[in-house]
Amino acid sequence: MDFGTHVWRNGEIIPMEEAKTSIINHALHYGSGVFEGIRCYQTERGTAVFKLKEHMERLHYSASVLEIPMPYSVEALCQANLDLLKKQNLASGYIRPVACFGEGKMGLNPAGADIDVFIAAWGWGKYLSDDPITVGTSPWIRIHPKSLQADAKINGHYVNSIMSSQWAHNNNYQEALLLDYNGNLAEGPGENLFIIKDGVMYTPQLGTILSGITRATVIELAEKELGIKTIETTLKPEDLVNADEAFFTGTAAEVTILKSIDGNQIGTQENKTSGQLKQLYADVVEGRIEKYDDWLSYV
Ligand code: PMP
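Because the structure is a prediction, the values reported are computed rather than measured. (Residues numbered from 1 in each chain as written. Predicted model: local features only at pLDDT ≥ 70, side-chain atom pairs only at ≥ 80, totals over all residues. Heavy atoms only, no water.)

## Quick notes on the state of the cysteines
Next, step 1: Under the defined criterion, the tally for this structure stands at zero disulfides.
Next, step 2: Free of any disulfide, Cys 40 has its nearest neighbouring cysteine sulfur in Cys 78, separated by 14 Å.
Next, step 3: In this structure Cys 100 is a free cysteine whose sulfur lies 19 Å from that of Cys 78, the closest cysteine sulfur available.
Next, step 4: For Cys 100, a relative accessible area of 4% corresponds to the buried category. (Disulfide = S-S within 2.5 Å. Buried < 20%, exposed > 50% of the residue type's maximum accessible area, 1.4 Å probe, protein only.)

In structure tokens, the structure reads:
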């Protein structure tokens, strides 16, 4: 993969080859960092970042959970993302800001370690598939909300997602689905889940999942554009098996429709509503619907 020529690090844009770190790095050893994943799209008015401020606010929130003293404001970080895209001349792709405890300290209390904040950006096409995907229920449950704070995007949490993704891959599924500690539907390794049954849309309530920015976008678009309200509630695995339609949402995954769960086809696979939402989302992020233009930050 080509990760571009430059990165933004601690206030300046530097060549990628200068962006090095010691092997004595707190986050490298313990996962003590927070991160975001953001997409930028080519629009008629140039490159635009989708919901940049929301992502930088969530980065700040995640940092506060892990007690990372964030040296840059939301506004400064938004500008840093845009500056990097300009420097990289990237028309569309993926942006990865990280804030972590870095060098200078070992031991589980990170206080005293250097704070390292950096942003990389590179071209990245479809994360999953444009066509409906096969999904398997992961034997690994989503992290327990009393072990870790599931709504913070903390690097170390992602071992749970990595192991689920490896399991899915090893079992010939395109993606995994994780249940929560009560056996209820939770989310994918990097995606929120929606199901549609008898014209009503449902999604797992917050608590054991990441509060996805795409999730919030799709809830709003479904209500405003299609007149469909979403019920945020506790959902059982049977609700997915018996759904008419199901889809994942995520910055990387965008709207990805589910074909089957554990080998059982979901609904008739006509996917009328999820297909409409997938198209709507693409139209919004690519700047084709003017009323949602304030969700885009133009480079
Ligand atoms: N859940 C998890 C565990 C994730 O990593 C992601 C990706 N950030 C999502 C859901 C979707 O969140 P978003 O729509 O904000 O990208």
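## Examining the domain arrangement of the chain
Next, step 1: Partitioning the chain into structural domains gives domain 1 (6-122) and domain 2 (133-285).
Next, step 2: Here domain 1 and domain 2 have C-alpha centroids that lie 26 Å from each other.
Next, step 3: In this assembly, 20 residues from domain 1 lie in contact with 19 residues from domain 2.
Next, step 4: Our enumeration of links across domain 1 and domain 2 arrives at one salt bridge.
Next, step 5: For the salt bridge of Glu 254 with Arg 39, the shortest nitrogen-to-oxygen distance reads 3.9 Å.
Next, step 6: The element that contributes the greatest number of residues to the side of domain 1 that touches domain 2 is helix 2 (residues 52-65), accounting for six residues.
Next, step 7: Its residues assigned to classes, the side of domain 1 that touches domain 2 shows nine nonpolar, six polar and five charged. (Domains from an automatic or database assignment. Contact = heavy atoms within 4.5 Å. Salt bridge = Lys/Arg side-chain N within 4 Å of Asp/Glu carboxyl O. Helix = DSSP H or I, 4+ residues; strand = E, 2+ residues; numbered from the N terminus. Nonpolar A, V, L, I, M, F, W, Y, C, P; charged D, E, K, R; others polar.)

## A look at the pairing of strand 5 (residues 46-50)
Next, step 1: For strand 5, a buried count of four out of five residues is recorded, marking the element as mostly surrounded by other parts of the structure.
Next, step 2: By the bridge criterion, four bridges tie strand 4 (residues 38-43) to strand 5 in an arrangement that is antiparallel. Looking across to strand 5, one finds that Tyr 41 is bridged to Ala 48.
Next, step 3: With antiparallel pairing between neighbouring strands as the criterion, strand 4 and strand 5 make up a hairpin whose turn holds two residues.
Next, step 4: Across three bridges, strand 5 lies against strand 17 (residues 296-298) in antiparallel orientation. The residue of strand 17 that forms the bridge with Phe 50 is Leu 296. (Pairing = 2+ DSSP bridges.)

## Re helix 7 (residues 272-285)
In an α-helix, one full turn covers 3.6 residues, which means residues spaced three or four apart are oriented alike.
Next, step 1: Between its first and last C-alpha, helix 7 extends 20 Å over 14 residues, near the 20 Å set by a 1.5 Å rise per residue.
Next, step 2: Listed in full, the buried residues belonging to helix 7 are Thr 273, Ser 274, Leu 277, Leu 280, Tyr 281, Asp 283, Val 284 and Val 285.
Next, step 3: Looking one or two residues past helix 7, Gly 287 carries a phi angle of roughly 75°, positive in sign. (Expected span 1.5 Å × (residues − 1).)

## Details of a nonpolar patch on the surface
Next, step 1: Residues Ile 23, Ile 24, Leu 28, Tyr 30, Met 106 and Leu 108 make up a contiguous nonpolar surface patch of roughly 630 Å² in combined accessible area.
Next, step 2: For Met 106, the position within the fold is in the loop between strand 6 (93-101) and strand 7 (115-122).
Next, step 3: With a relative accessible area of 30%, Met 106 lands in the partly exposed category. (Patch = residues over 30% accessible without salt bridge, like charges linked within 9 Å, V, L, I, M, F, W, Y side chains within 5 Å. Areas by Shrake-Rupley, 256 points an atom, 1.4 Å probe, with all protein chains shown as cover.)

## Some words on helix 3 (residues 74-88)
Next, step 1: For helix 3, spanning 15 residues, the distance from its first C-alpha to its last is 21 Å, which sits close to the expected 21 Å at 1.5 Å a residue.
Next, step 2: The complete set of buried residues in helix 3 reads Val 74, Leu 77, Cys 78, Ala 80, Asn 81, Leu 82, Leu 84, Leu 85 and Gln 88.
Next, step 3: Of the residues trailing helix 3, Asn 89 is marked for its positive phi of about 55°.

## A few points about the site of the ligand
Next, step 1: Taken together, the neighbourhood of the ligand is formed by 15 residues, with Tyr 158, Glu 187, Ile 213, Thr 214 and Thr 251 sitting nearest.
Next, step 2: Take Glu 187: an N or O atom from its side chain is 2.7 Å from a nitrogen atom of the ligand.
Next, step 3: Here an oxygen atom of the ligand sits 2.7 Å away from a polar atom, N or O, in the main chain of Ile 213.
Next, step 4: Counting only elements with at least two residues in the shell around the ligand, the list comes to helix 5 (213-226) and strand 14 (245-250).
Next, step 5: Residues belonging to the shell around the ligand are distributed by class as follows: four nonpolar, seven polar and four charged. (Near = heavy atom within 4 Å. Polar contact = N/O pair within 3.5 Å; in protein donor to acceptor, adjacent residues only side chain to side chain.)

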